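Residues per chain, in single letters:
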Amino acid sequence: MTCRGGLGLECRWFGLQEVRKGDVIRFTSPNYPNNYPNLHKCAVRFYPAATDVSVHLICNDVSLHRVTGPYAFLSTFLLSYDWVFLTSGPWVQDFPSDDSTLPASWKAAAGESINFVFSTNLLDASRGFLCTVVGDDSQEAVRTCGLRNAARSGRGLTARSDNKIFGGEDAGPNEWPWMVFVVVASGGSSSFCGGTIISQNYVLTAAHCFDNMPGATATLRFGSSDLTSPTTLAVLAESIILHPDFSTNSQGALFNDVALLKLPAPLTFSDDVRPICLPSFSDRARAYPGTAEITGWGKLGNLLPITPQLQEATAQMLGLTECKARTANAATFEQLCSDPVTGMSVCPGDSGSPLKIADFDGRYTQIGIVSYGSASCEADGLFAVYTRVDQFLEWIRDNSDVTILP
């Protein structure tokens, strides 16, 4: 099943939107991410094109104006606030007014519609909402990516005192066959990052690996978890594709931190060279609580060198509200965060490496790209931030040959 690309809809009028199997529709409030207009009303009925299609609405960013203080009750009583009225099938659904409970999603039964009504008042406005409408079917996709090789016996991902990745341990021989070591060179200087094979022709990494590196080249090493192994393969990337909106703020926070590296020739896949899976558009509905796995060749600690042996560890995930509190409100819905307090975290040199989970089919899905962190990458650190991959699927699809599932 393939997606119809380039579909977008702004909630400006009253209308109908057909949703076909495989459709992915970007649905926003007027002027998003700028403030929506006052005294505005719109409604959209998302209806399935066939009886076997389920309409799935996912919202990842919501900010509606609410009156607070002593007049809040009166505002609620008179409905004199900005609101969304949502029905999925015959049922009225709650819609959030802010990002404290996001992501939020609603999936209608096959053949039923979702109705969305948005109304604003005369008072202050806010940025509104960013949602995705997906045309699902009931069949799970059969994936050929994300197959992990057998790990060494006797290993356990528990915090250790030898401070590898930080707090991890050596990965098994070629255990993670999509891992790529990226050597970035520019004007006689060089730096190191990680990356992942996502197709025969493309590697996914972080844009900041090439920041302030004019005319940079990227040498990619893969095929072995041990960089000193004679079986390690090396190629020079044909092109480096940076997200056009990559940026950083004065506190060092990074945004739209994603890049693609095009290979000069297609890879031949084998047990040692295979792609990781990317999320589907429907995965935008997932919150990713609990833990996820990290791998990289980065530093072994704050003052320690990078390692030639690939390291792995388990990261304890943080919710967006907590991550915002730790990052001076810099973290956004386009990012994921983990907590180094568990004794396991990424360190400098791990940038561009994957944050991944074992998914519904036992195969591995990359949910994040290592982006930035607090000053310390050890257990006294406050956070590690990852680019949330499912928020950049359109850009990855449009700039590579990767097929993204709806």
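Residues numbered from 1 in each chain as written. Predicted model: local features only at pLDDT ≥ 70, side-chain atom pairs only at ≥ 80, totals over all residues. Heavy atoms only, no water.

> Just give me the short version of the overall build of the protein, but keep the residues and values in it.
When its secondary structure is counted, the protein shows three helices and 26 strands. For the protein, with 406 residues in total, the buried portion stands at 54%. Put simply, 72% of the contacts in the protein that link residues at least 6 apart link residues at least 24 apart. Of the roughly 17,300 Å² that the protein leaves accessible, carbon and sulfur atoms contribute 54%. (Helix = DSSP H or I, 4+ residues; strand = E, 2+ residues; numbered from the N terminus. Buried < 20%, exposed > 50% of the residue type's maximum accessible area, 1.4 Å probe, protein only. Contact = heavy atoms within 4.5 Å. Areas by Shrake-Rupley, 256 points an atom, 1.4 Å probe, with all protein chains shown as cover.)

> Kindly report on empty space enclosed by the protein, identifying the contributing residues and their values.
Counted by the stated rule, this structure contains two cavities of 30 Å³ or more. Lining the largest cavity, in full, are Asn 174, Glu 175, Trp 176, Pro 177, Met 179, Gly 223, Ser 224, Ser 225, Asp 272, Trp 297 and Leu 310. For the lining of the largest cavity, the class distribution of residues is five nonpolar, four polar and two charged. The volume enclosed by the second largest cavity comes to roughly 40 Å³. (1 Å grid on protein atoms, 1.4 Å probe; cavity = no way out; pocket = protein on both sides within 12 Å on 5 of 7 lines; lining within 4 Å. Points joined across faces, edges and corners; volume = space filled by probe spheres on them. Nonpolar A, V, L, I, M, F, W, Y, C, P; charged D, E, K, R; others polar.)

> Mind laying out the nonpolar core, listing which residues take part and the relevant values?
Ranked by internal contacts, the top residues of the largest apolar core, which has 47 residues, are Val 182, Ile 198, Leu 204, Leu 220, Leu 261 and Leu 278. Contributions of two or more residues to this core are made by β12 (179-186), β13 (189-197), β14 (202-205), β15 (217-222), β20 (259-262), β25 (364-373) and α3 (393-399). Here the element with the most residues in this core is β12; it accounts for five residues. Among residues more than four places away in sequence, those in contact with Ile 198 are Leu 204, Leu 260, Pro 275, Ile 276, Leu 278, Ile 396 and Val 402. (Core = buried A, V, L, I, M, F, W, Y, C linked by side-chain atoms within 4.5 Å.)

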